[in-house]
Amino acid sequence: MGLRKILTPLLSLSLSFGAVIYWNEKTVELKVPKNSVVVIELPCVVLRTFYNDLVHVKVSGNGVFISVLENPTSVGISCKKGNVYRNYSFYLFPINGGVTYVKVIDRKLERAYEKYVLSREKERKIEVKSVGLIQKAEKLMQSLLKGKAPQGFEIIKTKKEKRIRNFLVKIKYLYVGNGLAGIVGKVKNLSYMQKKLTSDMLFEKGTVLVWLEKEGWLKPEEEVSFVVIKKLSKGRVISEDFVVPYIEGG
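Residues numbered from 1 in each chain as written. Predicted model: local features only at pLDDT ≥ 70, side-chain atom pairs only at ≥ 80, totals over all residues. Heavy atoms only, no water.

## Some remarks on the state of the cysteines
Next, step 1: In total, this model carries one disulfide according to the counting rule given.
Next, step 2: In this model, Cys44 is linked to Cys79 through a disulfide, with the two sulfur atoms separated by 1.8 Å. Highlighted residues: Cys44 in the loop between strand E4 (36-41) and strand E5 (45-51) and Cys79 in strand E8 (residues 73-81), separated in sequence by 35 residues. Across this residue pair, the class does not change: Cys44 and Cys79 are buried. (Disulfide = S-S within 2.5 Å. Helix = DSSP H or I, 4+ residues; strand = E, 2+ residues; numbered from the N terminus. Buried < 20%, exposed > 50% of the residue type's maximum accessible area, 1.4 Å probe, protein only.)

As structure tokens, then:
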């Protein structure tokens, strides 16, 4: 493990025996006063410390207080910022003089933490957007189930029909607006045998919510109503040929 010696302390107006360390993944050697308390300020919250009986260590937040005697020793520190974990290690050599305060600057940690914050912000925006979309879809679904035309939506009446294997899908109305499209129609079992129909059979890409009047086995010629709420892509032209829910199986 490499060593980086602090040959000349960086003096400041407020700290006469202070040093700033730019961490570069190497153990740092510090010359510290004998029988003194050395303070190490880290850029993250301390989780654990590792040391022997030659020193006494206390922790407070991102600060580590080390009581040194007269013998050289080492201290390891594990800390965390956001979801970023870092480990630091120091060799302490007591002399007649040296530093009593050390501030660690870790640019790699800051870059990793910045990425973490940005990713969390992106996740939060996606989550908020998704919640908002679902709420709008639920509101539209409630209106359609009550037989009410939602305000601000274009209503397209259609007689579009499509046979998908053993089912006949009939589209009666399209409700378009607010980034959503509500599809109202019926599904009929055309087989001479019972066929199973479930709401997941009406899901496809862009589907937000599905309601079925009845799920399970449909008798021959039995017909049930459905409502599908889909997310409407920008620039998409809505017509009677709008995507019919896809039914797989049957």
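Additional details are given in the paragraphs that follow.
## Digging into the side chain of Thr27
Next, step 1: The topology assignment puts Thr27 in strand E3 (residues 27-33).
Next, step 2: Of the residues examined, Thr27 reaches a relative accessible area of 2% and is grouped as buried.
Next, step 3: At 2.7 Å, the side chain of Thr27 forms a polar contact with the side chain of Ser89. (Polar contact = N/O pair within 3.5 Å; in protein donor to acceptor, adjacent residues only side chain to side chain.)

## Points about the sheet that holds E4
Two modes of strand pairing occur in sheets, parallel and antiparallel, and in both the strands are linked by backbone hydrogen bonds.
Next, step 1: Strand order in the open sheet formed by five strands is E2-E10-E4-E7-E6, with mixed pairing between adjacent strands. Every other strand in the sheet has two partners, leaving strand E2 (18-22) and strand E6 (55-60) as the edge strands with one partner each. Adjacent strand axes in the sheet meet at a mean angle of 20°, parallel and antiparallel pairs treated alike.
Next, step 2: As paired strands, E2 and strand E10 (residues 101-105) are joined by five bridges and run parallel to one another. Bridging across to E10, Gly18 finds its partner in Tyr101. (Pairing = 2+ DSSP bridges. Axes fitted to C-alpha atoms, helices over the stretch in contact; angles between N-to-C directions.)

## A closer look at the packing of aromatic side chains
Next, step 1: This structure, assessed with the given rule, holds four aromatic pairs.
Next, step 2: With centroids separated by 6.0 Å and ring planes inclined at 35°, the aromatic side chains of Tyr113 and Tyr116 adopt a geometry described as tilted. Placement of the pair is Tyr113 and Tyr116 together in helix H1 (residues 107-145), with a separation of three residues, close to one helical turn.
Next, step 3: Assessed through its relative accessible area of 24%, Tyr116 is described here as partly exposed.
Next, step 4: Residues Tyr173 and Tyr175 carry aromatic rings whose centres are separated by 6.1 Å and whose planes lie at 40° to one another, so their mutual orientation is tilted. (Phe/Tyr/Trp six-rings, centres within 6.5 Å; stacked < 30°, edge-to-face > 60°.)

## So, the nonpolar core
The nonpolar side chains of a soluble globular protein tend to be buried with one another.
Next, step 1: Formed by 27 residues in total, the largest nonpolar core has its most connected members in Leu30, Leu42, Ile66, Tyr88, Phe90 and Val104.
Next, step 2: Looking at this core, the elements with two or more residues in it are E2, E3, E4, E6, strand E7 (63-68), E8, strand E9 (84-95) and E10.
Next, step 3: Setting aside chain neighbours within four positions, we find Phe90 in contact with Trp23, Thr27, Val28, Leu30, Ile40, Thr73, Ser74, Val75, Ile77 and Val104.
Next, step 4: Membership of the second largest hydrophobic core comes to 19 residues, among which are Ile156, Val169, Val176 and Met201. (Core = buried A, V, L, I, M, F, W, Y, C linked by side-chain atoms within 4.5 Å. Contact = heavy atoms within 4.5 Å.)

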